[in-house]
Amino acid sequence: MVSWKKKIEKETERKIYANNHAYNEPFNYANNYIKTSKYTILTFLPRNLFEQFQRLANFYFLCLLILQLIPQISSLTPITTAVPLAVVLTITALKDAIDDIQRLRSDNQVNNRSSHVLRNGKLVDERWHKVQVGDIIRMENDQFVAADLLLLSTSEPNGLCYIETAELDGETNLKCKQALPETAELMEDNVKIGEFNGEITCEPPNNNLNKFEGTLKWKGKTYSIDNEKMLLRGCILRNTQWCYGMVIFAGCDTKLMQNSGKTIFKRTSLDRLLNVLIIGIVFFLLSMCLFCTIACGVWETITGQYFTIYLPWASHIPEDNTTSGATVISLLVFFSYAIVLNTVVPISLYVSVEVIRFVHSLWINWDQDMYYGVKDTPAQARTTTLNEELGQIEYVFSDKTGTLTQNIMIFKKCSVNGHIYGEILDPVTEEPLEITEDMKPVDLSGNPLYEPKFKFYDQTLLDDLKSGKKDVYEFFTLLAICHTVMSEYKEGRLEYQAQSPDEEALTSAARNFGFVFKNRTPKSITIEVMGKEQVYELLGILDFNNVRKRMSVILRKDGQLKLYCKGADSVIFERLNADSFDMKEKTIDHLNKFASEGLRTLCLAMKDLEEEYFTQWKERFEEAVTSMENREEKVDCVYEEIEKNLHLIGATAIEDKLQDGVPQTISNLAIGGIKIWVLTGDKQETAINIGYSCQLLTDEMVDIFIVDGNEDYVVRDQLNKFQQDIRGILCSKDAPLNLSTVTFTEVEEEFGGFGLVVNGNSLVHALKPDMEELFLSVASQCKAVICCRVTPLQKALVVELVKCHKKAVTLAIGDGANDVSMIKTAHIGVGISGQEGMQAVLSSDFSLAQFRFLERLLLVHGRWSYFRMARFLRYFFYKNFAFTLCHFWFAFFCGFSAQTLFDPVFISFYNVFYTSLPVLALGIFYQDVNERNSVQYPKLYSPGHLNLLFNKKEFLKSVVNGLISSFALFFIPYGSFFEGVASDGVNVDGHQLFGTVVSTILVLVVTAQVMLDTGYWTFFNHIVIWGSAIFFFAMTFFINSNFIGNAYLGSFRMALSLAQFWFTAFLTLVVLIVPVIAIRFYCVDKNPTLSDKVRLKQRNDNRIHARRLISQTRVSSIRRSQRPHSGYAFAHQEGFGKLITSGKIMKNKSMPLQLPKFTKVEV
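Note on numbering: residues in each chain are counted from 1, in written sequence order. Totals for whole chains, interfaces and linings use every residue, but because this is a predicted model, local features are given only for residues with pLDDT of at least 70 and side-chain atom pairs only at 80 or more, for both listing and counting. Side-chain numbers come from the whole structure's heavy atoms, not from hydrogens or water.

A separate point is the overall build of the protein. On a plain count of helices and strands, the protein comes out with 38 helices and 33 strands. Only protein chains enter the area calculation, which uses a 1.4 Å probe; residues under 20% of their type maximum are buried, those over 50% are exposed, and those in between are partly exposed. Considering the protein as a whole, with its 1163 residues, one finds that 57% of them fall into the buried category. Any two residues having at least one pair of non-hydrogen atoms within 4.5 Å are treated as being in contact. In the protein, the share of contacts with a sequence separation of at least 24, taken over all contacts with a separation of at least 6, comes to 74%. For the protein, the accessible area works out to roughly 49700 Å², and carbon and sulfur atoms hold 57% of it. Strands are runs of DSSP state E lasting at least two residues, helices are runs of H or I lasting at least four, and both sets are numbered from the N terminus onward. Here the open area of atoms and residues is found with the Shrake-Rupley method and a 1.4 Å probe, where only the protein chains shown may cover a residue.

Let's shift gears to the sheet that holds strand E3 (residues 122–127). Strands were regarded as paired on the criterion that DSSP finds at least two bridges between them. Spatially, the six strands line up as an open sheet ordered E3-E2-E4-E13-E5-E11, and their pairing is antiparallel. Sheet topology places E3 and strand E11 (230–231) at the edges, where each strand pairs with a single neighbour.

UniProt positions are given in the numbering used here, feature names are shortened, and annotations may be inferred rather than shown by experiment. Within this numbering scheme, the UniProt entry marks residues 273–302, 328–351, 876–899, 905–926, 955–973, 993–1012, 1019–1039 and 1059–1083 as carrying the feature "transmembrane region" (unreviewed entry). As annotated, residues 273–302 has a helix share of 100% and a strand share of 0%, and its two end C-alpha atoms lie 43 Å apart. Helix makes up 100% of residues 1019–1039 and strand makes up 0%, while its end C-alpha atoms are separated by 29 Å.

On to the packing of helix H31 (residues 952–977) against helix H35 (residues 1059–1086). Only the stretch in contact is used when fitting a helix axis, every axis being a line fitted to C-alpha atoms; angles between N-to-C directions are given from 0 to 180 degrees. Here H31 crosses H35 at 150 degrees, and the two axes come no closer than 10 Å. Classified by the angle between their axes, H31 and H35 sit roughly antiparallel to one another. H35 is crossed by H31, and the crossing has right-handed handedness. Here Ile964, Ser965, Ala968, Leu969, Ile972, Pro973, Ser976 and Phe977 of H31 lie close against H35, whose contacting residues are Gln1060, Phe1061, Thr1064, Leu1067, Thr1068, Val1071 and Leu1072. Here is the rule for angles: anything less than 35 degrees is roughly parallel, anything more than 145 is roughly antiparallel, 65 through 115 is roughly perpendicular, and the remaining ranges are oblique. In this scheme the crossing of two helices becomes right-handed for a clockwise turn of the near helix relative to the far one and left-handed for an anticlockwise turn of less than a right angle.

Core analysis: the largest hydrophobic core is formed by 101 residues, its most contacted members being Tyr337, Leu873 and Phe950. For this core, the element with the most residues is helix H27 (residues 853–891), which contributes 19 residues. Setting aside residues up to four positions removed in sequence, Phe950 forms contacts with Leu270, Leu273, Leu274, Leu277, Tyr866, Ala870, Leu873, Arg874, Phe877 and Phe955. One finds Trp128, Ile137, Leu151 and Leu180 within the second-largest nonpolar core, a separate group that totals 52 residues. Think of a nonpolar core as a cluster: buried Ala, Val, Leu, Ile, Met, Phe, Trp, Tyr and Cys residues, connected wherever their side-chain atoms sit within 4.5 Å.

With that out of the way, let us pick up the environment of Leu730. Along the chain, Leu730 turns up in helix H21 (residues 712–732). A sequence separation of 23 residues divides Leu730 from Gly753, and the C-alpha atoms of the two residues are 9.2 Å apart.

Next up on the list: the packing of helix H28 (residues 904–914) against helix H33 (residues 1019–1039). Remark: H28 packs on H33, axes separated minimally by 11 Å, with the N-to-C direction vectors making an angle of 155 degrees. Taken together, the axes of H28 and H33 lie roughly antiparallel to each other. Where H28 crosses over H33, the handedness of that crossing is right-handed. Residues Val905, Phe906, Phe909, Phe913 and Tyr914 of H28 form the contact with H33, whose participating residues are Ser1028, Phe1031, Phe1032, Met1035, Thr1036 and Ile1039. Nonpolar residues are Ala, Val, Leu, Ile, Met, Phe, Trp, Tyr, Cys and Pro. Charged residues are Asp, Glu, Lys and Arg, and all others, Gly as well, are polar. Residues that form the contact of H28 with H33 fall into these classes: nine nonpolar, two polar and no charged.

Let us now look at empty space enclosed by the protein. Only protein atoms enter the 1 Å grid used here. Points where a 1.4 Å probe fits but cannot escape make up a cavity, open sets with protein on both sides within 12 Å along at least five of seven lines make up a pocket, and a residue lines them when an atom lies within 4 Å of a point. Grid points are joined across faces, edges and corners, and a volume is the space filled by probe spheres set on the points. With the rule as written, the count across this model stands at five cavities of 30 Å³ or more. In this structure, the largest cavity spans a volume of roughly 120 Å³. Asp903, Phe906, Ser999, Thr1036 and Asn1040 are, among the 13 residues lining the largest cavity, the residues nearest its centre. In terms of residue count, the dominant contributor to the lining of the largest cavity is helix H32 (residues 991–1013) (four residues). Classifying every residue of the lining of the largest cavity gives six nonpolar, six polar and one charged.

Pasting the structure below:
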C-alpha cells in the first residue's frame, strides 16, 4: 500500500491540530488515498517486463534473440525466437494488466466513496481520498468509517455509539464506543465543532487493533485517549443516527491497511523448479557447445584446412595461419551451436504452459459442481498462474466465521429437570431418529408473536409447558429474562438485537414457546407469558466476563426475589446446592450427548433470595464497586457470594450451524495429508467447540494441548512440556503416525494424533524469533491447530512462519477484510463470497461461494492440474531432447560446423505445429481417475506434497529417455541408409534425404509416445494426435513440392517411396516404444501405485456401485465426538449489564427510542 505522500522519516509520535491544515501539512502525513494496484500507465511496461524477465527462461530467450541477430554466428532466422517470445510476454502482460485493472477498480470504488467533511464550519461532500489528517467528519448510520477517527460527539446519550467491526476482526457483534464527556457536549453544532482546536499527541501508525494511546489538550486541560474512543477505518456505524470524528490516521497509516499486508508476486513451486532445471539445461547446453568448439578447432586444424579449396573460409577468418583460423572458426561455432541446440528449452514450452494454465482456470470457472445457486455464485479462478499449486497444498489456514460457519444459531435441544427434549424417537427401537426437513415441526402458530422460521420437532416440550410443569415454566422464564438483549419494533414487528447470536437464539426460543421478552428499562424487564404481560423489577445484572463464564440477573416480582443464572457447565455445577445432585448427574449425561453432536451448551440455574440477605449483600456490593483498590477482584468476590447454592433447572443445546459439507470436507482433506489450521478472532471456548463440530478436533486424538500463557516464560514452559509429552507418547507407540498402506476398506487408525489450541496473547510470544521454531515444532506434530483471538497481522505471521520454515505449499481461505493479510501471504489465497463484503475475494487467487467447494478445488482440480502439468513437462522435455540431440550426433559427421541436420522449416514447425497440440491435449484433458474417485480416495492427493510426479529425478529420466531416443533416431537410419542405393541405382545417402528420414521417424516416435502417455482419450485427443501426424505429412509434402521450391525439394517424396524407409521407421518404433510398454506393464503389475489400483477399480465398477461407495466412505470418515466439552458462548467483550442498569444506554422519554442493533457475532 502506498500513498502519494512519502514520509521523510519514521514517526516516533504524532501531533495533530484539529481543523488546522496549515499546522498539519508540513508533517506530510499520509492522505486517505488507497492504492493496492501495482502499476500505473507509465510504470506498467518497464515494471512488468522486469518481473517477467525475472523468469530465467525469458531472460535466456532474450539473450538468444540477441545472438541470432548476429549473422556471422547464426544459422537460423531471429524470427523463430522473437515471435514466440513476444507472444509469451504479451499474453502474460495482458493477464497481469487485467488483474491490476480489477484491483484499480476496487481502489477507485473505495477512494470515491462520499463523506461529509467539516470545512469552515460547514459540511461539504468530499471523496474519501481527499480527506486529510485533522479533518472532522460527520458520519450517518450504516456508513463505513473513512479513516481512523477520534470520536467527538454522537446522537446517543452520554456520547455512545455502536460499530460493527467485521472487516477488522471478523466479529459481527456490535461494539460500544464512547466519546469524552467534554467533546460529547458539542453535539451536532457545526459551528462549535468547526471551532474545535484540540491538540492530539498520540502513538505513530501501527497495526495493533486493540490498543491506542494518546492525549487531547483542549481549553487548557489534558484528557487521556484510549481505544474505546477510536473508530477505526473499515468499521460500520450501526444504530447511531450520526457521529462526528477527527481524523487521526488516514490511508495507508490506518490500522486496517497496516494489517492488510503487501501484494506479493506469487510463483508456483513448479516455476521455481523450472528455473533451477533451466540453469542446469543451460550448463548442459554450454557443455555441448564447448565440446563442439574444441572438436571443431581440432577438426579444422587437422582436416578442415585441406578443404579450403572447395569450401573457402569466410573473409573475417585469418588464412595466413591455420591455427589462428581454426581458433576463430571454433569460437564462432560455439555461439552457432548455442543457437542450433537452443531447442532443448524452446520458447514454446512457456507458451504451452500459459495455455494449459488458462484452460485449467476455465475448468474451475465452468465447474457446475462448485456453483452455488442460492447466491448465483460460481467458483472463479482470479489468476491463471497458480493452478498446479492447488495439487500440492500441505497446510490450509482457515478463518471460522463466514468460512466454516454460517454464524446462524439454532435452538435444537434442551434438558429440563433431568428430561431431554428435542429428540424424535423411533416407535419400535426407541432410538433417536435423525431430524430432517421433511418432518413436521411443532405447531406454534397459536402464539401471535411466534417466528415462522423457528422450527422445533419435539411436541412433548410444548405439551409439558401447557400442562403447567413448574420446571419447564422456570426454564423459559429464565431464557426470557436472563440476558442483555434489546428489543425494538420495526414496521410493526418485534425484533431483537443481541450481543451474541447465542443470546438471540435462546431469547427467540423462549419467545416462540410463549415467553416473549417485550421491553426493558434500567429498572425493569417486561415479558409476555402465554399472552399475559408480566413486569419484573430489575435489581441487578451480574455481568459476564471471560473469567466468570456466567451471567446472572436479580429480580423482584410480587414481593419475591429471585436470582437467575446461566453459564458454562463447569462453573454452574460448582455452585449447585445438595438437592441438585441427582439432576446434575442426569444433566451431565445429557450435556455429553449434546456435545457429541457438536452442540453448544449452557446450564441454567436459579435461587430464591431473602429480602434481608439481599439488602446486606447490596451494601457489600456498593462498597466493592466504590473501592479504589482491587475493585474488580472485590466485585467478583461479592458476585461469588450470592451465586451459590443454586438450584439446577436444566441445560440448552444450540447448533452453531456450519456451512454445508464442512465436516466432510475437513475429514477428506485430512485423509489426503493436508493439515488444517483455524485462525480466528473468536474466544478460545468457541473455537474449540467449532473444532469439535467440524471434526477438526476428534475424540481419537490422544491429547489436545492448550497454550494460554500471558508471559514469555510461561508460553515457553508450556511448549517445552507439550513437546516432551508428544515425544514420550510417540516413542511408546508402535504404530506410525501416518498410515503407509492404502486399501479400499476403512481402517481404524490406532493413533489419533494431537490437537493444539493457542490464544492470541500467547501467540505474540510464540512468534518471537527465539521461540517460533519451538512453537512450529510442536504445532507441526499436531493434526489440527486452532489459533484464537488473533489479529489479521498475526494470521499472516503464522502463515509466513510455516512458509519459511516448513518449505510447504500453503493455502489461506477466508471471507472478510481481516483475512486479506493471510490470503496475500499464503502461496494460494482463496476468498469466500461471504457476508463480510468482497475484500477477501478481491485479494484472492481463487474465489468460492462455500468452504465445501475447497474439497473439489483441491482433490479434483488441484490434483488434476498438478498431474497434467507434471505429465506435460515430462513429455515435453523428452520430445525436445530427442529432437535437439540429433543435431549433436550429426556434428560428428559434419566437421562440427554447426550445420543443421533437419530442414530449417521443420526446425521452426516442430514445436509450433507438428508436436504442440498433442502435448497440449495431454496437459489439458488427461485424468488418471475420474472426479468421483478423486474425492472418494483422498490419498490420491498425497504425491503432490512430495513433488513425486515432477522433480529433478523425473526430469533426468525424461532427459535420459530423450538422449536414448535421439541416439536411436540418428544411428538406426544412419546405419540403414549408409552408402544406400535405391533399386533404380539412385544414391540415397544424401544429407537432405537423411535429414528428412530422421525428422519423419522422429515425428512418428514422439506421436506414438504421446499416445502411450494419453491414458484418458477424448474426442479432442483423437483429433489432435491423428490430425498432427496427418498435418505433418501434408505440410511436408506441400513445403517440399515444386510450388514452394524448398531446398529439400523432392526428398520427402523419395523417402516415402523407399521400402528401406518404412522398414527403418518400423524398426526404430519397435526399439524405442516396446521397452517403454514393457517397463510400464511391469511397474503396474508388480508395483502398482494407488492411482493404478483406483484406475483398475474404476474400470470394473459400474456407476451405481460407485455412488453407493461414495456415500458409505464419506459418512464413515466422520466420527461423532464423545468427549465432554463446554460449549457455552457469550459476547466476546464484557456485557452491557452496567450500561443497562446505569441507564446510560437508554434514551430519555422525550427522545425517540434508539436501541443498539446487535447483529450476529462469530462464535
